[in-house]
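# Geometric and topological summary
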Amino acid sequence: MSASSTDSGVSLEIYKAVFEAAKCPLLLLNANSPEFSVAAVNQKFLSSIRATRDTILGRSIYEVFPLSLNSPDVPTAGELDTVLQEVLQRKETVEASAETSSVWVINGAERKRWRSVNTPIFGSTGDIQFILHAPVDDTASQEAAEREESARQAGENYRRRLESFLKQAPVAIAVYFGPEFLVEMANPVFCKMWGLTEEEAIGTSIFDLLPDETGEYRKVFSDVYTSGNTFVAFETPIILTSSEQAWINLVIEPLHDLDGSVHSLISIAQDVTEQVRLKQKLEDSESRLRLAISASKMGVWDLDLLSGDLITTGTGNRIFGYDSSEVSWDMERFMSHVLEEDREVILKALERAKVERFMSVEIRIIRVDKVLRWIGLTTEVYRNESGEAVRLLGTTLDITERKESEKKKDELLSVVSHELKTPVTSLKAFAQVLERKFGKSGDDVAAVMLRKMVVQIVRLSHLIHDLLDLTRIEGGQLKLRLERYVFNELVAEVATQVGRTCSHQIIVNEEELVECFGDRQRTEQVLINLVTNAVKYSPGKDKVIVSVEKRDGEVICSVQDFGLGVPPEKQEKLFKRFYRVGDEAQHNISGLGLGLYISAEIIHRQQGHIWLKSTPGEGSTFSFSLPLEVEDV
């Protein structure tokens, strides 16, 4: 090939011009293996690698790109030499794909990934004189492919993690495809719900599992698939393959392709059968409770102690004379119905309830129609985590008829008691005179019989006094005679008095003299009742302990026995009138069941408290506290 023309008659200058003007990078390499020095380079190639012509011409390609060959950072650098050697051996064009091409690094700043065509150019002797290296910068497409592969791997990892999550989820999950919504994926909970293995579930239509005689579920699945809208249902009844009734919370969600079209559905079902059954039982219980409350004509109320809001049932509203069940209540409205004389009673009872947990009180109200009625209120206190009372939940019952009946009974008792008091007193006096007379005459048998008669008359006299006290208490006529006295002296007198009439030893424990201001006689009545009860209810025992202490402006007196004790469920009722424990161990012990009721009223009238601690078979301790100074009685 001459310097001025080629065998085709085209001048070499034209070839050079075409070479230089080519829109793709071109590099003409001398076939002088292993250097492969650069014979020519066009401007497009220089621009692509950001180099000048004088830095490349005449130099080995491996000097031009020294970091490209055998570089640990560029593992494909040596592959260009392999391609060039193959051109020399095969004497034909060799194309290097992107996977086998070199990575060229210019000045350590840029990486270029090439895809190239390497064409041999023969000389006049038939030997390869040059290799035309035509590279294409494939960096962007290769990086895009790498990103796509990375994204594919990430997606595959995500899919595996998602599948693992779905399989471990505590709810039934399945994915469906096709017009018959065949199961494509099912987790263990789904399989267990339908009594299938995973292999049996895959490929099964959901409609083969889910009874759908009306086509309701098919419509739901189809609507989700066509509309792309999520379906949600709560406590949906279904029949499982075991013919067992169950309830589920169900979500059916469409799964979308990248173009937004729905390709499949996923269902998530939570078995709520137990919750539904418990809810049904609760509703049944509430229904029965409402019927019971309605039949008992009892109103139910709920007082929020923090806000003062008060909610009552329709029966409760009617007790106050309202026709409508929609009545807005609060404490102010409630107190406006309470008879003025009883307002302090209910307020004190509410305060006690916050401390003692329970409340039972009877008060008078004025209805909307101005009619006076008696109501009984009972309540239980609910507390927050810190123990603060926050709610009172209770009942209201109209007890007017009962109170009127009790009033008539009390009037009868009062009349009978007064009528009996005088003859009994006379009978006692006559018996004592006769006892002394027969004693002096030596008729010991008659004297003993009369002495027993006097004891029974005294007992009868105590019962009459109890009945009189009861009528005074119920009529609000129990008067207190306040005086200053030494409490220890009172205890000593009672211990001596009771000790003379029983076989028990009455032991008194006291720390210091305590001076009180209250009703000494009534307090003595309480103490005698507690000590005699301790003796009466501890048969076969030999002692009763009476303790006195002064604490925080109060005197506290406790009477302890070691006898029968009181069952826990009966302890709260002991201070009610006419209440007796009445179990087998105590049925032979006489009494009306008024002593503790009267004692409690006497203590409360003196602004004190009375309580009991008892263990069946071990004994009881009755205690009461009195302020050292009684005011405003």
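A brief look at the structure comes next. Just so you know, these numbers come straight off a predicted model, no measurement behind them.

Take the overall build of the chain next. What the chain contains, in helices and strands, is 19 helices and 24 strands. Looking at the 633 residues of the chain, the share that counts as buried comes to 39%. Sequence separation of 24 or more characterises 52% of the internal contacts of the chain that already satisfy a separation of 6 or more. As displayed, the chain has an accessible area near 36,600 Å², and 53% of this comes from carbon and sulfur atoms.

Turning our attention to the side chain of Ser-264. Looking at the element boundaries, Ser-264 is found in strand S11 (residues 262-271). Among the residues examined, Ser-264 registers a relative accessible area of 2% and is labelled buried. Looking at Ser-264, its side chain comes within polar contact range of the side chain of His-263, at 2.8 Å.

What follows is about the packing of aromatic side chains. Under the defined criterion, the tally for this structure stands at ten aromatic pairs. Centroid distance Phe-181 to Phe-221: 5.5 Å. Interplanar angle 55 degrees. Geometry classified as tilted. With a gap of 40 residues between them, Phe-181 in the loop between strand S7 (172-177) and strand S8 (182-186) and Phe-221 in helix H9 (residues 216-227) connect regions that are remote in the sequence. In this structure, Phe-181 and Phe-221 share a single accessibility class: buried. Here Lys-403 stacks its cationic end above the ring of Trp-374, 4.3 Å away from the centre of that ring.

Right, let's talk about a nonpolar patch on the surface for a bit. A surface patch of nonpolar side chains, amounting to about 330 Å² of accessible area, comprises Tyr-158, Leu-162 and Phe-165. Turning to its location among the elements, Leu-162 is positioned in helix H5 (residues 139-168). Overall, the relative accessible area of 35% leaves Leu-162 in the partly exposed class.

Turning next to the pattern of salt bridges. Think of it this way: side chains of opposite charge can pair up when their charged atoms draw near. Applying the stated criterion to the full structure yields 20 salt bridges. The closest approach of N and O atoms between Glu-362 and Arg-402, which form a salt bridge, is 2.2 Å. With a gap of 40 residues between them, Glu-362 in strand S15 (residues 358-366) and Arg-402 in helix H14 (residues 400-441) connect regions that are remote in the sequence. Assessed through its relative accessible area of 38%, Arg-402 is described here as partly exposed. Taken together, the shared-partner salt bridges connect Glu-86, Arg-90 and Glu-92 into one network.

Take the environment of Ala-21 next. Relative to the helices and strands, Ala-21 resides in helix H1 (residues 12-21). You can call Ala-21 exposed: its relative accessible area is 54%. Separated by 22 residues in the primary sequence, Ala-21 and Gln-43 place their C-alpha atoms 7.7 Å from one another.

This brings us to unusual backbone geometry. Here Ser-33 and Pro-34 are connected by a cis peptide whose omega angle stands at 10 degrees. Take Pro-34: it is sitting in the loop between strand S1 (27-30) and strand S2 (38-41). The phi dihedral of Lys-91 is positive, around 55 degrees, even though this residue is not glycine. Positionally, Lys-91 belongs in the loop between helix H4 (79-90) and strand S3 (94-96). With a relative accessible area of 45%, Lys-91 lands in the partly exposed category. In this model, Lys-370 sits at a positive phi of 70 degrees, which is unusual for a non-glycine residue. Assessed through its relative accessible area of 68%, Lys-370 is described here as exposed.

Further remarks concern H9. Taking 1.5 Å as the rise per residue, H9 with twelve residues should run 16 Å; its terminal C-alpha atoms sit 16 Å apart, in good agreement. By the burial criterion, the buried members of H9 are Tyr-217, Val-220, Phe-221 and Val-224. All buried residues of H9 project into a common sector of 95 degrees when viewed along the axis, lining one side. Away from its buried face, by an angle of more than 90 degrees, H9 presents the exposed residues Lys-219 and Thr-226. Of the surrounding elements, those touching the buried residues of H9 are S7, helix H8 (206-209), strand S9 (231-239), strand S10 (245-256) and S11. Two residues or fewer past H9, Gly-228 is found with a positive phi of approximately 75 degrees.

Take the nonpolar core next. Counting 39 residues, the largest nonpolar core has Phe-487, Ile-506, Leu-527, Val-531, Val-555, Val-559 and Phe-624 as its most contacted members. Apart from the residues within four sequence positions on either side, Ile-506 is in contact with Ala-495, Gly-499, Val-531, Val-535, Val-544 and Val-546. Counting residues in hydrophobic clusters, the runner-up holds 28 residues, among them Phe-181, Cys-191, Leu-240 and Ile-252.

Next up on the list: the packing of helix H17 (residues 520-536) against helix H19 (residues 595-605). Between H17 and H19, the shortest axis-to-axis distance is 9 Å and the interhelical angle comes to 145 degrees. Every pair of crossing elements has a handedness; the one defined by H17 and H19 is left-handed. Across from Arg-522, Gln-525, Val-526, Asn-529, Leu-530 and Asn-533 in H17, the residues of H19 making contact are Gly-595, Leu-596, Ile-598, Ser-599, Ile-602 and Ile-603. For the contact of H17 with H19, the per-class residue count stands at six nonpolar, five polar and one charged.

Criteria and thresholds
Position numbers for residues start from 1 in each chain and track the written sequence from start to end. A pLDDT threshold of at least 70 governs which residues receive local features in this predicted model, and a stricter bar of 80 or more applies before side-chain atom pairs are shown or counted, although totals over entire chains, interfaces and linings include all residues. With hydrogens and water stripped out, all remaining heavy atoms of the structure feed into the side-chain values. Strands are runs of DSSP state E lasting at least 2 residues, helices are runs of H or I lasting at least 4, and numbering of each runs from the N terminus. The buried label goes to any residue with under 20% of its type's maximum accessible area, the exposed label to any with over 50%, and the partly exposed label to all in between, with areas taken from a 1.4 Å probe on protein chains only. For this analysis, residues touch if any pair of their heavy atoms sits within 4.5 Å. Accessible areas in this description were obtained via Shrake-Rupley with a 1.4 Å probe; residue shielding takes into account the shown protein chains only. Polar contact criterion, stated in full: a pair of N or O atoms within 3.5 Å, where within protein one must be able to donate a hydrogen and the other to accept it, and residues adjacent in sequence count only if both atoms are side-chain atoms. Ring geometry is summarised as follows: Phe, Tyr and Trp rings, the Trp one being its six-membered ring, pair when their centres sit within 6.5 Å, and such pairs are stacked at plane angles under 30 degrees, edge-to-face over 60 and tilted between the two. In this scheme, the term charge over a ring applies when either NZ of a lysine or CZ of an arginine sits within 6 Å of the ring centre and within 35 degrees of the ring normal. Each patch is built from salt-bridge-free residues with over 30% relative accessible area, joining like charges within 9 Å and nonpolar side chains (Val, Leu, Ile, Met, Phe, Trp, Tyr) within 5 Å. For this analysis, a salt bridge means a side-chain nitrogen from Lys or Arg found within 4 Å of a carboxyl oxygen belonging to Asp or Glu. A helix's residues, less one, multiplied by 1.5 Å, set its expected span. Along the arc lie the directions from the helix axis toward the C-beta atoms. The nonpolar core is taken to be a set of buried Ala, Val, Leu, Ile, Met, Phe, Trp, Tyr and Cys residues, with the residues joined through side-chain atoms within 4.5 Å. As a rule, the C-alpha atoms of each element are fitted with a line to give its axis, helices using only the stretch in contact, and angles between N-to-C directions run from 0 to 180 degrees. Put simply, a crossing is left-handed when the front helix is turned counterclockwise from the back one by less than a right angle, and right-handed when it is turned clockwise. All amino acids are sorted into three groups, where Ala, Val, Leu, Ile, Met, Phe, Trp, Tyr, Cys and Pro are nonpolar, Asp, Glu, Lys and Arg are charged, and the leftover types, Gly among them, are polar.

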